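What follows is the residue order along each chain.
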Amino acid sequence: MKIVINNATVVTSSGVFRKNILIKDCVISKISDSPISERGASFVINDKDLLVFPGFLDMHTHLREPGFEYKEDIETGLRSAHYGGFIGVAVMANTNPVNDCSTVTHFMICRAKETGIPVDLYPIGAITKGLNGETLVEMGELRSAGVVAFSDDGKSVTNSEILRRAFEYAETFNMPVICHSEESYLSKDGQINEGEISLLLGLKGIPREAEILGIYRDLTIAKLTGGAIHIAHVSTKEGVELIRKFKKEGLSVTCETCPQYFTLTEKEVLGYNTFAKINPPLRTEEDRLAVIEGLRDGTIDVIASDHAPHHLDEKNCEFQNASFGMIGLETMVPLCLELVRMGILDFKDLAEKLSRRPHRILNLNSPKIKEGEPANLTIIDPHFEWEVNEKTIHSKSINTPFLNKKLQGKAKYVIKGGEAFELF
Amino acid sequence: MQKDNFKWNRKDLLGTYDLSKEEIIFLLDTAKSMEEVLNRDVKKVPTLRGKSCVTLFYEPSTRTRTSFELAGKTRSADTINISVSASSAVKGETILDSVKNIEAMSVDCVIIRHNNSGVPHFIARNTKLAVINAGDGSHEHPSQALLDLLTIRDYKGTIEGLNIAIVGDILHSRVARSNIFALKKLNNNVNLVGPKTFVPKDFEKFGANVFHNLEEGLSGVDVVMVLRLQKERMGKCFYPTEREYAKFFSVNRQSIKYAKEDAIIMHPGPVNRGLEISSDVLDGEKSVVLAQVTRGVAVRMAVLYTLLSGGRFEDSN
């Protein structure tokens, strides 16, 4: 199988170049300055407006299977990831049953393979059994089964002693721990960010301090143990500042944010918009700008989706009873491109935050656009305008505040396993 | 009166936050013109004959529900009461399905009280029915604020440029929010008084002043609005004991001296006597608590009439 990409803008970690790429038998066999003969090619891409990236990995996804297949299942979730331009997703453990034993891990990996969708599924194991915050899972066995990291995402491990032992024990197997950092007494029963808008709407607030304290505690314990930690979905200014400070001190910490935190603010919930009810909640404009600065100066390593599908019935209801979360796999590319259009990041940064860094954090080989490397590519049309709606989204759910909004940019092709896939 | 050239064009009454000054004055004036019927021997006029209203209450209520029901009946509307324990909610039906079913029975208006903020707004977006918010969680209770404003106007001769203190659990109070929004639109000075757990500083962003002691908060005010301590809406850590709360924040003979000599005392009810307000003040000559209740019926007649007559104001007598 021969695939030719001519006249493309190729984004690598060393820069952005106009190149021509020949892919043969799953491998990048030639990268040249002059166009490659298209004769005999089974697939040809020749469009100077397209951007060729190393394949994207979303390291924070909820695919809901097993247990909540009415929201999303592995097949629809992977399809959503595929059409979002991803070649891999790391999926959180808060399924039912929880991914806290190798049986569940095996099931997820097998289901993903059965679907035949060209997206690799990397399970994230729970830190504690049943996410109970008390008993550590069998981390060694889970790693053998294919788990790439541990996280009780959705909840914080409240007991600091247990979190400390989790860091230490995971380090034994060279496995990262992903922290959902939240001081849960402060955030209990909260619905949206605490402040003027929570007062206006008469909803219980989640103070920003719940995240700030959570991040501070988790970083402090990681410093004690020396383990590798990754902070999920950073949403506050002080959260970013704390991570910056600990990084400067040499702590092995990485972190992610999500497009919603650099795109939207708490104002989105006005009118009791349940699609904007997420955890951590959308914050203030000051926080949004601090998250952007964190992305710009490299404090924030990764952009992840926190794709959290929910059935419409769980959103089309009273705000108090609505579920937390929004989908994000298919809106990732256009929202990240917005950062480039605003001049905050360049394409090289996007390759870092959507491909190289998440692969590295999860100890996976990151795709490189280099002769002799496997061809795992995400190819983007940065100008394509499209509307987010039931027809354009492939997830089983449509819970996103971007519903019915127009976005610019979309993944047009994915190349994986020696095959090229046209996405629109 | 502005009603000659005023056109009401809202389907619902969800809160005072969205209302303009003109709309508030219009509703107060309409209520005033309808009040007279309550003094007649035969308290009934046919202006809403053939219209039907359902009260859908997911929280207990005496005053508000009775008041809406009486208001509807006085205007000859048919009113039906559904309370949560008697309805399908106990069988697991969603509130939206309940309302859709009510809508399917050709009802004109649904009056909703719910313990969760934003429920009437959610319902209003999803039904053609006129929706009246009779109290949603800690959010709004617009008809209560309107009757409070009408009472103040009757006793003070104006509803603009006054000094008004609201005392108590502002954080959890829908009555407080609806009053703050409405009173600020009419250029009143609003003092919020209570312990810091009940009165976060962010309330200043709505134009109110925040005080944490009665002496400062009540100083020179024309109106003292006392709120009920809503034990059902808070956790355990908002105040240590009722005894301590009463000691520092009870409106009593002593503390009302800080207010103006001719100040009036209001309370939306139900009252915890001896806790947020002492019995002698509640039953005393400055109290207008029962006058509020009377105006509640007039205000609710005005609200029902305004929403159900499509905004046309005809001579209702």
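All values reported here derive from a predicted model rather than from experimental measurement.

**Description of the overall build of chain B**
- Scanning chain B from N- to C-terminus turns up 10 helices and nine strands.
- Relative to the compact-globule value of 20 Å for 317 residues, chain B shows a C-alpha radius of gyration of 19 Å, a close match.
- In terms of overall dimensions, chain B has a C-alpha envelope of 55 × 45 × 35 Å along the principal axes.
- Of all intrachain contacts in chain B linking residues separated by at least 6 positions in sequence, the fraction that spans at least 24 positions is 74%.

**Here's the deal with the overall build of chain A**
- Within chain A, the regular secondary structure consists of 12 helices and 18 strands.
- On C-alpha atoms alone, chain A measures out to a radius of gyration of 21 Å, which is about the 22 Å that the 2.2 N^0.38 rule sets for 424 residues.
- Each principal axis of the C-alpha atoms in chain A carries an extent, and together these give about 65 × 50 × 45 Å.
- Residues classed as buried in chain A amount to 57% of the 424 residues present.
- Once local pairs closer than 6 in sequence are excluded, the contacts in chain A between residues at least 24 apart make up 75%.

**What about the sheet that holds strand 9 (residues 149-151) of chain A?**
Residue and element names in this part refer to chain A.
- If you walk across this open sheet you meet the eight strands as 6-7-8-9-10-13-14-15, and the pairing is parallel. Of all strands in the sheet, those bounded by a partner on one side alone are strand 6 (56-61) and strand 15 (302-303).
- As judged from the two bridges shared by strand 14 (residues 253-257) and strand 15, these two strands associate in the parallel manner. Bridge assignment links Glu-256 to a residue of strand 15, and that residue is Val-302.
- In the packing of helix 12 (residues 347-361) onto the sheet, contacts are made with strand 6, strand 13 (229-231), strand 14 and strand 15, and the angle to strand 6 comes to roughly 60°.

**Notes on the interface of chain A and chain B**
- Between chain A and chain B, the contact holds 12 residues from the first and 17 residues from the second.
- Partitioned by chemical class, the residues of the side of chain A that touches chain B number six nonpolar, four polar and two charged.

**Regarding the domain arrangement of chain A**
All names here are of chain A.
- Per the domain assignment, the segments making up chain A are domain 1 (2-52 + 372-385 + 406-422) and domain 2 (55-361).
- Measuring from the centre of the C-alpha atoms in domain 1 to the corresponding centre in domain 2 gives 30 Å.
- Between domain 1 and domain 2, the contact holds 21 residues from the first and 16 residues from the second.
- Elements that contribute at least two residues to the side of domain 1 that touches domain 2 include exactly strand 1 (2-12), strand 2 (15-24), strand 16 (377-387), strand 17 (406-416) and strand 18 (419-422).
- The dominant element in the side of domain 1 that touches domain 2, judged by the number of residues it contributes, is strand 17, at seven residues.
- Each residue belonging to the side of domain 1 that touches domain 2 can be placed in one class, and the counts come to 10 nonpolar, eight polar and three charged.

**With respect to the pairing of strand 2 (residues 78-83) of chain B**
- Bridge analysis of strand 1 (residues 52-57) of chain B against strand 2 of chain B gives six bridges, and the strand direction is parallel. In the sheet register, Phe57(B) faces strand 2 of chain B, and the bridge partner there is Ser83(B).

**Topic: the pairing of strand 16 of chain A**
All names here are of chain A.
- When strand 5 (residues 51-54) meets strand 16, the two strands line up antiparallel, connected through four bridges. Note that in strand 16 the partner of Pro-54 across the bridge is Leu-377.
- Where strand 16 lies against strand 17, eight bridges are found, and the strand directions are antiparallel. Its bridge partner lying in strand 17, Glu-385 is registered against Gln-408.

**As for the domain arrangement of chain B**
Residue and element names in this part refer to chain B.
- When cut into domains, chain B gives domain 1 (3-141 + 295-308) and domain 2 (143-293).
- The C-alpha-based centres of domain 1 and domain 2 are spaced at 25 Å.
- Taken together, the contacts link 22 residues of domain 1 with 24 residues of domain 2.
- Contributing elements (two or more residues each) for the side of domain 1 that touches domain 2: helix 1 (21-35), strand 4 (130-136) and helix 10 (289-308).
- For the side of domain 1 that touches domain 2, the residue count by class is eight nonpolar, eight polar and six charged.

Cut-off values and rules
Residues numbered from 1 in each chain as written. Chains lettered and ligands numbered in written order. Predicted model: local features only at pLDDT ≥ 70, side-chain atom pairs only at ≥ 80, totals over all residues. Helix = DSSP H or I, 4+ residues; strand = E, 2+ residues; numbered from the N terminus. Rg over C-alpha atoms; globule rule 2.2 N^0.38 Å. Contact = placed C-beta atoms within 7 Å. Buried ≥ 20, exposed ≤ 12 C-beta atoms within 10 Å, placed from the backbone. Pairing = 2+ DSSP bridges. Axes fitted to C-alpha atoms, helices over the stretch in contact; angles between N-to-C directions. Nonpolar A, V, L, I, M, F, W, Y, C, P; charged D, E, K, R; others polar. Domains from an automatic or database assignment.

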